[in-house]
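# Structural characterization, general
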Amino acid sequence: MLDHWRRVEPQRIASLALCALCLLAWPAANALASHSAPSSAQPVSPQTLLHPQRTSVGDLALGGDLAGVPRGTTLFLRYDDLLRLPQTTYTIDDDPNFHGHTVISGIPLAQLAHLFGQPDSSDLIVALCYDKYRSNYPSDYIRDHQPLLVLRIDGKLRDRWPQSEYGGPMGPYLISHPTFTPSFTILSHKDEMQIPFGVIEIDFRSQSRVFGAIRPPGKWPGNSPIWQGYIIARQDCFRCHNAGLEGGQMARRDWKILAAWATTDPALFAAYIHAPKSVMPSAKMPAHADYDAASLHALTLYFQAMFPSGEKIR
Ligand code: HEC
């Protein structure tokens, strides 16, 4: 699982080059920023910290279902203001974005949802990154793993953060956890740490809307390959591959394209997932060398079920 993330990272760095605005703007702002020490003494009313417009490239955007505003409104929080909210601290040593033993502090995603989300609607938090990668945090993941929006690393403010293991900036925000224990295994896929760096926006969404975009049509028992393939794809592929407006867009290959591959050439589809470079030497997609034949088969059946005429082909 950790290895998997390490394989993801060079791909993410490579695609940074495409995001000229972010690439130039964020590290430059990072270098120039002078962060005043936060005054944590005064209790603050969180709603008063929200801005209707971005005030700086390092602001955190909040979107989705926010309290008190129409759905889809985006509001902005300043880094210095986030530091004024109550902070939670963990000491960890299992997050590959850091070098060994690290003290992280910041605001639990659940707390952000509580402060700014609509009280009864959001059961999914989505983190959007500057390279169009997305991490999804369904409520059971949040309950089991308590993901944290990191604001300080080893006590240091953002302008003094180390670079990521692969040499890129980790800011403007990243997400980590207290020590991570996978809470499910499906075939050879283990519950994966969702630890994006370069997070620019947090959206409070609903699973029925976001995951609804990739739910296989029909009813499937939990132990059927199609459903198993769906759960794997939802946690893994959906970070980089989109279905319309939902899901990450880093791969620039929509779910429909994957469904067409799975349907027209299942062997090549499985080979691509297992070892992308075996199919296309220049492939940047991380390999899934640990996925066994049953996992690849489940993914293939699931994506076939997402092909519009999948019924006939099966
Ligand atoms: C970390 C991001 C990432 C993840 C996670 C990811 N992919 Fe990809 N995928 C890519 C990128 C980038 C490409 C574009 C081609 C390349 O460079 O490999 C791609 C291309 C593909 C292709 C070839 C399609 C084409 O037209 O070129 C298939 C098939 C595919 N992915 C399937 C999957 C499946 C299935 C999963 C989940 C098990 C998955 N991918 C997970 C990034 C990712």
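No experiment lies behind these values; they were computed from the predicted model shown. (Residues numbered from 1 in each chain as written. Predicted model: local features only at pLDDT ≥ 70, side-chain atom pairs only at ≥ 80, totals over all residues.)

So, about the overall build of the protein. For the protein, the helix and strand inventory stands at 12 helices and 11 strands. Counting across all 314 residues of the protein, residues that qualify as buried make up 39%. Of the contacts formed within the protein by residues at least 6 apart in sequence, a portion of 69% connects residues at least 24 apart. (Helix = DSSP H or I, 4+ residues; strand = E, 2+ residues; numbered from the N terminus. Buried ≥ 20, exposed ≤ 12 C-beta atoms within 10 Å, placed from the backbone. Contact = placed C-beta atoms within 7 Å.)

Around the ligand sit 24 residues in total, of which Cys237, Cys240, Ala251, Ala283 and Met285 are the nearest. Among the elements of the structure, helix H1 (2-16), helix H8 (255-264) and helix H9 (266-274) are those that each provide at least two residues to the shell around the ligand. Among the residues forming the shell around the ligand, the class breakdown is 17 nonpolar, 3 polar and 4 charged. (Near = placed C-beta within 6 Å. Nonpolar A, V, L, I, M, F, W, Y, C, P; charged D, E, K, R; others polar.)

In this section: the sheet that holds strand S5 (residues 124-129). Strand order in this open sheet of 5 strands is S2-S1-S11-S5-S6, and the pairing throughout is mixed. Looking along the sheet, the strands with just one partner apiece sit at the ends: strand S2 (75-77) and strand S6 (134-138). Each neighbouring strand pair of the sheet contributes to a mean axis angle of 25 degrees, computed without reference to strand direction. As paired elements, strand S1 (residues 60-64) and S2 share 3 bridges and run antiparallel to each other. Paired with Leu60 across the bridge in S2 is Leu77. (Pairing = 2+ DSSP bridges. Axes fitted to C-alpha atoms, helices over the stretch in contact; angles between N-to-C directions.)

A separate point is the packing of H9 against helix H11 (residues 293-305). Axis separation between H9 and H11 bottoms out at 10 Å; the angle between their running directions is 125 degrees. The orientation of H9 relative to H11 falls into the category oblique. Viewed along their axes, H9 and H11 form a crossing whose handedness is right-handed. Two secondary-structure elements touch here, H9 through Pro266, Phe269, Ala270, Ile273 and His274 and H11 through Leu296, Leu299 and Thr300. For the contact of H9 with H11, the class distribution of residues is 6 nonpolar, 2 polar and no charged. (Parallel < 35°, antiparallel > 145°, perpendicular 65-115°, else oblique. Left-handed = near helix turned anticlockwise from the far one by under 90°.)

Let us look at the nonpolar core. The biggest cluster of nonpolar side chains holds 75 residues, and the ones touching the most others in it are Leu149, Val150 and Tyr302. In terms of residue count, H11 provides more of this core than any other element does, 7 residues in total. Mapping this core onto the domain boundaries places at least three of its residues in each of domain 1 (1-203) and domain 2 (206-314). Excluding residues that lie within four positions of it along the chain, Tyr302 makes contacts with Pro216, Ile226, Gly229, Tyr230 and Ala233. (Core = buried A, V, L, I, M, F, W, Y, C linked by C-beta atoms within 7 Å. Domains from an automatic or database assignment.)

This brings us to the environment of Lys156. Assignment of secondary structure puts Lys156 in the loop between strand S7 (148-153) and strand S8 (174-176). Of the residues examined, Lys156 has 11 C-beta atoms within 10 Å and is grouped as exposed.

Taking burial as the measure, the 11 residues of helix H7 (residues 225-235) include 8 buried ones, the bulk of the element. Those residues of H7 that fall on the buried side of the exposure criterion are Ile226, Trp227, Gln228, Gly229, Tyr230, Ile232, Ala233 and Gln235. Packing partners of the buried residues in H7 comprise strand S9 (185-186), strand S10 (189-190) and H11.

Attention shifts here to the environment of Ala260. Along the chain, the position of Ala260 falls in helix H8. As for Ala260 and Phe303, which are separated by 43 residues in sequence, their C-alpha atoms are 8.0 Å apart.

Along helix H4 (residues 109-116), the residues that are buried comprise Leu109, Leu112, Ala113 and Phe116. Buried residues of H4, seen end-on, are gathered within an arc of 100 degrees and therefore sit on one face of the element. (Arc of directions from axis to C-beta.)

Between Gly171 and Pro172 the backbone carries a cis peptide bond, its omega angle lying at 5 degrees. Although it is not a glycine, Asp154 sits at a positive phi angle of roughly 50 degrees. By secondary structure assignment, the location of Asp154 is in the loop between S7 and S8. Taking the number of C-beta atoms within 10 Å as the measure of exposure, Asp154 has 15 and is therefore partly exposed. Backbone geometry places Arg252, a non-glycine residue, at a positive phi of 55 degrees.

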